[in-house]
Structure formats: C-alpha cells, structure tokens
Amino acid sequence: MASVLPAMRGKFGSTEYYIVTMPAKELTERLVIPRDMEEWNDLSLEERYQREINYGRVKRQIVPYLAQDDDRFFGAFIVTMLHSDDTEFEPMTRIFGEKVPKLYKSAGSAFGFLTLEGTEVLVPLDGQHRLAALDFAITGRDEKNLPIKDLEPNIDIAEDICTVILVKHDPIKSRKIFNKVNRYAKKTSKADDLITADDDAIALIVRESVIGPNNIIPDVLVNAKSNTLTAKASEFTTLTTLYEGTKYLLEDTHGKIKTHILPDKAKMGVMRAEAVEFWEVLCSNIELFKDALFDPNEMGDRRRQEIRADFLIGKPVAQWTLVQAIVQLCEEDEATGHRKSLKEACQLVNRLDWSVSASRWQSVLMNGDKVMFGKSVVNFASQVITYWLGCDLDDLALSELRARYCSQGGKGQLADPIC
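Residues numbered from 1 in each chain as written. Predicted model: local features only at pLDDT ≥ 70, side-chain atom pairs only at ≥ 80, totals over all residues. Heavy atoms only, no water.

Our next topic: the overall build of the protein. A count of helical and extended segments in the protein gives 16 helices and eleven strands. Expected size for 419 residues packed as a compact globule is a radius of gyration near 22 Å; at 29 Å, the protein overshoots this value by more than 25%. Along the longest, intermediate and shortest principal axes, the C-alpha atoms of the protein span 90 × 50 × 45 Å. Within the protein, buried positions represent 43% of all 419 residues. Of all intrachain contacts in the protein linking residues separated by at least 6 positions in sequence, the fraction that spans at least 24 positions is 69%. (Helix = DSSP H or I, 4+ residues; strand = E, 2+ residues; numbered from the N terminus. Rg over C-alpha atoms; globule rule 2.2 N^0.38 Å. Buried < 20%, exposed > 50% of the residue type's maximum accessible area, 1.4 Å probe, protein only. Contact = heavy atoms within 4.5 Å.)

Turning our attention to the layout of surface pockets. The volume enclosed by the second largest pocket comes to roughly 550 Å³. Gln328, Glu331, Cys391, Asp392 and Leu393 are the residues nearest the centre of the second largest pocket, which is lined by 20 residues in total. Of all the secondary structure elements, the ones that give two or more residues to the lining of the second largest pocket are helix 13 (316–329), helix 15 (375–388) and helix 16 (395–407). Sorting elements by how many residues they give to the lining of the second largest pocket places helix 16 first, with four residues. Its residues assigned to classes, the lining of the second largest pocket shows six nonpolar, five polar and nine charged. (1 Å grid on protein atoms, 1.4 Å probe; cavity = no way out; pocket = protein on both sides within 12 Å on 5 of 7 lines; lining within 4 Å. Points joined across faces, edges and corners; volume = space filled by probe spheres on them. Nonpolar A, V, L, I, M, F, W, Y, C, P; charged D, E, K, R; others polar.)

Turning our attention to the side chain of Ser382. Mapped onto the fold, Ser382 is located in helix 15. There is a polar contact of 2.8 Å between the side chain of Ser382 and the backbone oxygen of Asn379. If sequence neighbours within four positions are ignored, Ser382 has contacts with Thr321, Gln324, Ala325 and Gln328. (Polar contact = N/O pair within 3.5 Å; in protein donor to acceptor, adjacent residues only side chain to side chain.)

What follows concerns the environment of Cys346. Along the chain, Cys346 turns up in helix 14 (residues 342–351). Judged by its relative accessible area of 0%, Cys346 falls in the buried class. Separated by 59 residues in the primary sequence, Cys346 and Glu287 place their C-alpha atoms 8.8 Å from one another. When neighbours within four sequence positions are excluded, Cys346 is seen to be in contact with Val281, Leu282, Asn285 and Ile286.

Quick look at the pattern of salt bridges now. If you walk through the whole model with that rule in mind, you get 14 salt bridges. Note that Arg72 is salt-bridged to Asp160, the shortest N-O span being 2.6 Å. Note that Arg72 is positioned in the loop between helix 2 (55–68) and strand 3 (77–82) and Asp160 in the loop between helix 5 (128–139) and strand 7 (161–168), a separation of 88 residues in sequence. We classify Arg72 as buried; its relative accessible area is 17%. Here the salt bridges do not stand alone but share partners, grouping Asp291, Arg302, Arg303 and Glu306 into one network. (Salt bridge = Lys/Arg side-chain N within 4 Å of Asp/Glu carboxyl O.)

In this structure, Ile217, Leu282, Ile326, Trp354 and Trp361 are the most contacted members of the largest nonpolar core, which totals 76 residues. The set of elements that each furnish at least two residues to this core consists of helix 8 (201–210), helix 9 (239–254), helix 10 (265–285), helix 11 (287–293), helix 13, helix 14, helix 15 and helix 16. Non-local contacts of Trp361, meaning those with residues more than four positions away in its chain, are made with Leu312, Leu352, Asp353, Trp354, Ser355, Met366, Ile385 and Trp388. Ala24, Ala67, Val79 and Ile138 belong to the second-largest nonpolar core, a separate cluster that totals 37 residues. (Core = buried A, V, L, I, M, F, W, Y, C linked by side-chain atoms within 4.5 Å.)

With mixed pairing, seven strands are arranged side by side in an open sheet as 4-5-1-2-7-3-6. Only two strands of the sheet have a single partner each, and these edge strands are strand 4 (88–91) and strand 6 (121–126). Averaged over all pairs of adjacent strands, the angle between strand axes in this sheet comes to 40°, irrespective of strand direction. (Pairing = 2+ DSSP bridges. Axes fitted to C-alpha atoms, helices over the stretch in contact; angles between N-to-C directions.)

Right, let's get into the pairing of strand 1 (residues 3–12). In regular strands, side chains alternate between the two faces of the sheet. Across six bridges, strand 1 lies against strand 5 (residues 111–116) in antiparallel orientation. The partner of Met8 across the bridge, within strand 5, is Phe111. Sheet topology places strand 1 next to strand 2 (residues 15–23); five bridges connect them, and they run antiparallel. If you follow Lys11 over to strand 2, its bridge partner there is Glu16. Counting the residues that bridge the hairpin from strand 1 to strand 2 gives two residues, and of these Gly13 lies at a positive phi of roughly 60°.

Summarising the element assignment, Gly412 is placed in the segment after helix 16. When the C-alpha positions of Gly412 and Arg57 are compared, they lie 46 Å apart, and in sequence the two are 355 residues distant.

Bringing the environment of Phe373 into the picture now. Among the secondary structure elements, Phe373 is positioned in the loop between strand 11 (370–371) and helix 15. Expressed as a C-alpha distance, the spacing of Phe373 and Val317, which sit 56 residues apart in the sequence, is 6.7 Å. Those residues within four positions of Phe373 in sequence are excluded, and the remaining contacts are Thr228 and Val317.

What follows is the structure, encoded as structure tokens:
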C-alpha cells in the first residue's frame, strides 16, 4: 500500500537522500534485516555487506537502556530502499507553486513529501543492532521469540519517533556507504567510556566521590586518557586503575555489578560509602600513597616521579594489584572467623619492600627491569601478596601458586611470607 511521508531532500557527494521520521514500532515492522531478505542466501560473500547481529550485545547493553531510561535517544538510521524506482519526492515549491513566498522558494525546494509505493524493501545500512533493540524492548522477546530474562517490556517506546535517512538502492553504493560509515565510526576508548558513562555505577562513584578537588584524590593527579603513566607523568594514578580497583572491591561484597543499569538509590548510597571509606583509608594509611598525594601541586610532581621510578606501588598495575590483595586480606578467615580491618591490612602493606629492585618481585610483577601487565598478572600477583602478608594457603593452593611462579620464569623458590 502506498504511503506519503513528510521529508527533507539532501545530497552528499553523488548520493541523494531523504530524511523522514517513523514511530519506532512502524520502523521495526517496515525495515528488513539483511539476512532475512529472500535473496540473502543467493548473494556472494562480497555482496553480503552487512555484518551479523550480535544479539547478546543487543540484549545486554542496548535493550536495558531503551526499556529503563526515560532519556533514551538514538541517532538516525541509514536505510537503503530496494525496488524504489517509482519512489517520488515532490517539493513544496511544486505543490504550492506561486503561493510560496520568494524568500522561501530556495529552502522550500528541500522540503516536501516522499511517496512510497509499498513495494520497496527497506534495509538498514547502519542501525540494525538498534533496530533489533527497539523490537526487543517493545515486545520483551528476543530473536527466537523467547522472553528476555529480567526485562520488563516498555510499550511506550513504540511511539518514540525515529529519524531515518533513506537512500535509493545501488549495490555498489550501498556497500560503500555501509563500509565507510562503520569503518570510520571509531570505537571509544575505555578511558573515554569511563569519563562519559552515566549508567555505570562504578564509574559514577569514582568520578563523583573518589576523584575531585574536594574528594580523596585530586583530579589533576588522575590520568583519564591512558592506562599507564610515563616516567615523567605528574599524576599519581589512572582513572582505569581506580575504576578496576573499585569494581573489585564492590563486587567482592555485592556480587556482579551491571555496568549499564544503575542500582536503586539505597544500594547506590551503600556502594558509594564503601568505596569512599576504602580509598580514604588506603590513601591515608599506606605510606607511599600518602607521600605521593601530599602535595598535589607542581612542587609534588618530582616526588611522584621518584616514587614511580623506585617503587612498584607508584605504578598503576601494582596499585590495581594491591587493591585486590587488600580486599582478599580483609575477607573473613573461615577457620577463626577473624577479619582484618582496612587499617591492619595497610600496616601489613607498609612492611613489604616495594622497591622495583627487590628480588621477590621478579616473575611476579617484574620481568628483568620491565613491569609485567595484564589481568592475569594482576590476579596472580595479588594472590602472591596476600601469601606474603600472612594469608594461610592450603597445600594445593600453595602448590598452584608456586607452579604459576615457575611457569612465568621464576627461578628458585617463591619468596617466603614476611609475617
């Protein structure tokens, strides 16, 4: 059945396009996912310009945002129109003729009505993940028509008005548009995500309550652009380090935390208080932390550089490792029921030789004069630190720790505990 849509016509390079709007429900019904096209199986690999939909990502990340955030918003969908030879755009100037004031004639030629005959096949060149998310959020069901766990459908989304950029289909041009749009859509870095994320509770807590001129760590001492610090860097730590450390702390108490949905206000308050207390105690009781944070101004930059050069604890990867070790040290001893306080754990940390030249760090956090990196390194090193600081290990756990040490090139025995 034919339909008439208010539209704006434009041209970019050699491509003429039309901008229209559609309710979300209509969009999900009218657009066809490429792989659902009748001719999909007959296309060559070169012609299958669309990637497969990652339905897991759609359900985990995009659908909850749509269903639960009243401030939801999507950018325009880019759609190619197959079988669109009879599609016609009629500008306002043609419709109203001489009635259009001269002042508006130039602009009026860009506005008008687009007639779709009903035989067109509308295929998204950009936006098929968002299209699937709209359908899932409205219906509460996934691509297999099964209910999505822990999702309350939001039928109000059906009336949300979506912007659509329509392009008449040309096989070569459609592939080119798809490839260029997706190739140049650079993925944001993790640091950028942490800076801008407003639905990640951990990122919010770190940005609002741990970092800042009136908080625990001045923002001038936190590198928000990189995961590491150079020898001459003036900062004390990185945003990623504070995030990962806080995440480990809070998940030890609260279990897995979703990073795309904020918890309720009460839980958010509890988590914030726990994080603030943790970082306050660490930064005021670990001697090298206190030293590095003592003067946040330029006069203190030299001292931070010296600490980072001489002591592992001045390096972000070791700080992340240390946080995990302290959390483990403060867990309840199953045999005695005793639980170390944060201050007690910090006192133990101060007794450990953090010098980069200390032999105990070889094949744990150091490989020759190079610092080791990676999450697996952090997990292993944190276990070693808790062992050195008096955490009892059974024979099997200790054997596995020593075997890992040897597999990383460790020579001789793993260093003995200091207490």
